[in-house]
Amino acid sequence: LQHCTPPPTTGTPKQESGPRMIFYSFFKTLVGKEIAVELKNDVVLTGTLHSVDQYLNVKLLNVKVVNAQTYPQLCSLQNCFVRGSVVRYIQIPPEHVDTELLQDAARKENAASTKK
């Protein structure tokens, strides 16, 4: 996701497309589900996905720190906002992954990019 460019900061908003929007659409289907978010500083948080935005920022509810002994300062977290640029991985239970939906979205994106 690091290869994606941010949307323009001035002028009228343009229609987003590409890999970022595939993931955004996918993560929107996971709202209300339990996920684990691994940050680039090695902290792993688990919680219920409350919301996600087009920058792949996520808001988690009922947060738990996976390695609480290493990060005791985070044990009091209940809800948190995680900036998308600090996320290394998001782990999703296999039963919540709709591979057909992802494959279809990837095919459509590939078809659209080859027409350009």
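Residues numbered from 1 in each chain as written. Predicted model: local features only at pLDDT ≥ 70, side-chain atom pairs only at ≥ 80, totals over all residues. Heavy atoms only, no water.

Colleague: Looking at this model, I keep getting lost on the overall build of the protein. Mind explaining?
Modeller: When helices and strands are tallied, the protein shows two helices and five strands. Beginning at the N terminus, the succession of helices and strands in the protein can be written as α-β-β-β-β-β-α. Across the 116 residues in the protein, those meeting the buried criterion constitute 29%. For the protein, the exposed area adds up to about 8,000 Å²; of that, 53% sits on carbon and sulfur atoms. (Helix = DSSP H or I, 4+ residues; strand = E, 2+ residues; numbered from the N terminus. Buried < 20%, exposed > 50% of the residue type's maximum accessible area, 1.4 Å probe, protein only. Areas by Shrake-Rupley, 256 points an atom, 1.4 Å probe, with all protein chains shown as cover.)

Colleague: Is there a simple way to explain the sheet that holds strand β3 (residues 58-65) in this structure?
Modeller: Strand pairing in a sheet relies on backbone hydrogen bonds, with the paired strands running either antiparallel or parallel. Within the open sheet, the five strands sit side by side as β4-β3-β2-β1-β5. Their pairing is antiparallel. Two strands in the sheet have a free side with no partner beyond their single neighbour: β4 (80-82) and β5 (87-91). Within this sheet the neighbouring strands show an average axis-to-axis angle of 45°, counted without direction. The pairing of β3 with β4 spans three bridges and is classified as antiparallel. Its bridge partner being in β4, K59 is matched across the sheet by F81. (Pairing = 2+ DSSP bridges. Axes fitted to C-alpha atoms, helices over the stretch in contact; angles between N-to-C directions.)

Colleague: Please explain the packing of aromatic side chains as it appears in this structure.
Modeller: Describing an aromatic ring pair means giving the distance of the ring centres and the angle of the ring planes. Taken as a whole and judged by the stated rule, the model has two aromatic pairs. The interplanar angle of 25° and the centroid separation of 6.4 Å between the aromatic rings of F23 and F27 together place this pair among those described as stacked. Taken as a pair, F23 and F27 lie in helix α1 (residues 19-28) at a separation of four residues, close to a single helical turn. Ring geometry for F26 and F27: centres 5.6 Å apart, planes at 55°, overall tilted. Here the two residues F26 and F27 agree in accessibility, since each one is buried. Here a set of aromatic residues connected by ring pairs shows up, and it is made of F23, F26 and F27. (Phe/Tyr/Trp six-rings, centres within 6.5 Å; stacked < 30°, edge-to-face > 60°.)

Colleague: So what exactly am I meant to see when it comes to the side chain of T48 here?
Modeller: Relative to the helices and strands, T48 resides in strand β2 (residues 44-52). Overall, the relative accessible area of 18% leaves T48 in the buried class. Beyond its immediate sequence surroundings of up to four residues, T48 is in contact with G32, K33, E34, K59, L60, L61 and N62. (Contact = heavy atoms within 4.5 Å.)

Colleague: Would you mind showing me how to read the pairing of β2 here?
Modeller: Within a regular strand, the side chains alternate between the two sheet faces. Pairing of strand β1 (residues 34-39) with β2 involves five bridges; the strand directions are antiparallel. Paired with V37 across the bridge in β2 is L45. If you look at the hairpin formed by β1 and β2, you'll find four residues sitting between the two strands, and D42 has a positive phi there, around 75°. The pairing of β2 with β3 spans six bridges and is classified as antiparallel. Residue V52 lies in a different strand from β3, and its bridge partner there is V58. Hairpin remark: β2 followed by β3, antiparallel, with five residues in the connecting loop; positive phi at L56, about 65°.

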